[in-house]
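Survey of secondary and tertiary structure
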Amino acid sequence: MPEALDTKIEFLKGVGPAKAQALNTELGIFTVADLLSHYPFRHEDRSKIIPIIQTPEYTDIYVQLKGTIIPGEFQGTGAAMRYTATLRDETGQIELIWFQGAKWIAESIKSKTPYLAYGKIQAYRGHFNIAHPELQIIGVEIQLSQLGLTPVYPLTEGLKRKKVENKLLAKLSKQIVEDARFSMRENLPAAIIRKFNFPTKTDAIKWLHAPKNPTELDRATQRLKFEELFYLQLRHLQLKGTRNRTYKGLIFENVGAYFMDYYQKYLPFELTDAQKRVIKEIRLDMKSGKQMNRLLQGDVGSGKTMVAQLSMLLALDNGYQSCLIAPTEILAQQHAIGITEALEPLGLRVALLTGSTTKKNRNTLLEALVQGEIHILIGTHALLEDDVQFKQLGLVVIDEQHRFGVAQRARLWKKGTVLPHVLVMTATPIPRTLAMTLYGDLDVSVIDQLPKGRKPIITVHRNESNRALVMEFLKEEIAKGRQVYYVFPLIEDSPKLALQSLMSGYDTVSAYLPPPTYTYSLLHGRLKPAEKELEMQKFKSGKTQIMIATTVIEVGVNVPNASVMVIENTERFGLSQLHQLRGRVGRGAEQSFCILMSGYPLSANGKKRIQTMVRTTDGFEIARVDLELRGPGELDGTKQSGILDLKLSDIRKDESILIAARSEAEKCLQQDELLVLPENAPIQLELQKTPHRTIWSKIS
Ligand code: ADP
Ligand code: MG
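Rules used in this analysis
- Residues numbered from 1 in each chain as written.
- Chains lettered and ligands numbered in written order.
- Predicted model: local features only at pLDDT ≥ 70, side-chain atom pairs only at ≥ 80, totals over all residues.
- Heavy atoms only, no water.
- Helix = DSSP H or I, 4+ residues; strand = E, 2+ residues; numbered from the N terminus.
- Expected span 1.5 Å × (residues − 1).
- Buried < 20%, exposed > 50% of the residue type's maximum accessible area, 1.4 Å probe, protein only.
- Pairing = 2+ DSSP bridges.
- Axes fitted to C-alpha atoms, helices over the stretch in contact; angles between N-to-C directions.
- Contact = heavy atoms within 4.5 Å.
- Domains from an automatic or database assignment.
- Salt bridge = Lys/Arg side-chain N within 4 Å of Asp/Glu carboxyl O.
- Near = heavy atom within 4 Å.
- Polar contact = N/O pair within 3.5 Å; in protein donor to acceptor, adjacent residues only side chain to side chain.
- Areas by Shrake-Rupley, 256 points an atom, 1.4 Å probe, with all protein chains shown as cover.
- Nonpolar A, V, L, I, M, F, W, Y, C, P; charged D, E, K, R; others polar.
- Arc of directions from axis to C-beta.

1. Considering helix α12 (residues 329-343)
With 15 residues, α12 should reach 21 Å at 1.5 Å per residue; the first-to-last C-alpha distance of 21 Å fits that figure. Within the sequence span of α12, burial applies to Ile330, Leu331, Ala332, Gln333, Gln334, His335, Ala336, Ile339, Ala342 and Leu343.

Dropping the structure here:
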């Protein structure tokens, strides 16, 4: 079939070489198909016309007006030249103004002719105007009866300079979708289309670019969103399928002496039911003959580390080494200390490898690792270096995955000829829709229960006027033998400023709680790793009472005697970060407190974040609000996922479509793993196509 859709855009009416060139470079649009894949991001209802007398109510809003234009005059000269005219209807008049192309506008405006003017109403020095309105002559350029939903396309500054405007794109796509030569190839199986009563691909594209009514637009959007999410999920599931078909998993059949010994003699507490269930899930994975790729979701303090530790013992029982990768050096150190202590009685050798391990130590360590003398290796990204070779690596645990990209995970798989099992742990929970989108190729386990006897942390919001009382409260807690975290926001891109703010923060706090009566640890990004570790240890061992820190303590740090977390400038922190920080307390038997200090006034968003923190300690609920407030694109870890390529879907709002899409993708692959059946031909064709990607970075 000759592909009319491959027609180059320069052959379309209204697109000269210059405009085609601009569309090529700015948006990657070369062909008719590309143009149709450049979706509008919203539609305007152009059937609505506002009487001019009402325009003040629409200040800063785009509206459409109808009237005749009374030519006006030029003001200023050269670059400062502008042209004003007046638009008048039966109810009143408004000024139209042009700063560019004034001459041309002035010449082309026809008096006594009815125009439609479209633009943003602006208040300027006590009167209202529209700058650079879009003008159309009624009758010649447009019939009033044609007006309706008009698509609005993402555009770039570069395009606007080349006179490629929304009007042109709307006109082109309308012209294309109404031309039968350019019908689209169906890319969903017929069964799915029937089941959901979707329009065909051709109709959907037509109705998206040129809807006749809201119903058409709605049905088109539903289908195209489904399609987008269906392919995203299908790719995740295919990746998982390929992995399972291509690679054999290590089979860990034994629950041996290490696991049993530890479990029976040294386990410091009874596992929660949720921990037991998750360990069972991991055990089943590890003996299934397939490589485990599992995401472990659990709230702060739910005991993910113990699950990891027990899984590592299982690997050892089957003759394999493990490694654990943490996002920061501090956290890696903490894990190394904790796990070394825990496993000491079993005679196991645990080692730490980070960026600051000395060359000499590193060499000795690498040698012992490859000999199999080190059983468990703990560290940071430094573990990913190519020269870090194990004798037999059986399990990789990635802690607090948020900061770990998909690509990095892939590098790990390549260590050794047989792929190790992989367990990824989230720092805080993420909503199901986000998990499906980011980690759709992983199986998911959830620890949905905190260890017994945890008292919910009491969280309050305070401001400057309460400072003295807050400080009194800290004194009381310290007098009871408790310890306090005091956190200041990291000032991005400026370690120097961050340090300054930390120091002045320390001055403020120590004015109330003076040393040497009160003892301090100071932790910030400018310290060397060894210095950080020293400050941390002083606090951990109880030598210091107050830990003043930037967010370096955000994840994972565990000091059960600390019972108060004060966060300064709370409004500067994101929700999941606040939840992580708060999770540093409430780890012991005592009642813990979190005091959120903030400035005033707060933005609506900042207020909502603080209110959410005060209202709930449920990490899953907090994750939901976080996603709602920030949107998926701004969350950590989303950069490398397909989530940013979504053109229509918003996983905050389209959960039901996402779930349906996932389930259909699963069904397709279950029935036809390689998608070779004739009914799945539309899928095959789609997968072979390189998708048109919107170049978001350029869009203004
Ligand atoms: P996270 O899931 O945030 O990584 P951790 O693994 O650091 O949580 O565990 C938090 C604290 O709870 C640690 O001090 C740990 O020893 C303790 N803990 C873990 N599981 C249990 C349990 N079943 N009962 C009591 N305490 C537990
Ligand atoms: Mg942890």
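2. Comments concerning the sheet that holds strand β18 (residues 520-523)
Ordered in space as β16-β21-β20-β17-β19-β18, the six strands form an open sheet in which the pairing is parallel. In this open sheet, the two edge strands, each paired with only one partner strand, are β16 (458-463) and β18. Each strand axis lies, on average, 15° off the axis of its neighbour in the sheet, ignoring direction. Against the sheet, helix α16 (residues 467-479) contacts β16, β17 (483-487), β19 (546-549), β20 (562-567) and β21 (593-598), and its axis sits at roughly 155° relative to β21. Lying on the sheet, helix α19 (residues 575-582) is in contact with β16, β17, β20 and β21; it crosses β20 at an angle near 150°.

3. Quick word on the domain arrangement of the chain
Interfaces are often sized by the accessible area lost when the parts come together. Considered domain by domain, the chain is made up of domain 1 (48-147) and domain 2 (458-616). For domain 1 versus domain 2, the separation of C-alpha centres amounts to 56 Å.

4. Remarks on the environment of alanine 131
Within the secondary structure layout, alanine 131 lies in strand β6 (residues 127-131). Not counting residues up to four positions away in its chain, the partners in contact with alanine 131 are Ile97, Phe99, Lys120 and Gln122.

5. Brief notes about the pattern of salt bridges
Any two side chains of opposite charge can pair, on the condition that their charged atoms come close. Inspection of every chain in the model, using the stated rule, returns 34 salt bridges. A salt bridge links lysine 195 to glutamate 664, with the shortest nitrogen-to-oxygen separation between them at 2.7 Å. Of this pair, lysine 195 sits in helix α6 (residues 190-196) while glutamate 664 is found in helix α22 (residues 655-671), placing the two residues 469 residues apart along the sequence. Here arginine 294 makes a salt bridge to glutamate 281, at a shortest N to O gap of 4.0 Å.

6. Topic: the site of ligand 1
Of all residues adjacent to ligand 1, which total 16 residues, the nearest are Glu270, Gln275, Gly301, Thr305 and Arg454. Here glutamate 270 contributes a backbone N or O atom positioned 2.9 Å from a nitrogen atom of ligand 1. Taking arginine 587, its side chain carries an N or O atom lying 3.3 Å from an oxygen atom of ligand 1. When ligand 1 is considered free in solution it has 570 Å² of accessible area, and contact with the protein chains removes 83% of it. Of the residues belonging to the shell around ligand 1, the class tally is four nonpolar, seven polar and five charged.

7. Some remarks on helix α20 (residues 604-615)
The end-to-end C-alpha distance of α20, which contains twelve residues, comes to 16 Å, matching closely the 16 Å that a straight helix rising 1.5 Å per residue would cover. Three or more residues of α20 are buried, namely Gly606, Arg609, Ile610, Thr612 and Met613. Along the long axis of α20, the arc covered by the buried residues comes to 155°, so they all point the same way. Turned more than 90 degrees off the buried face of α20, the exposed positions are Ala604 and Arg615. Residues of α20 that are buried make contact with β16, α19, β21 and α21 (619-630).

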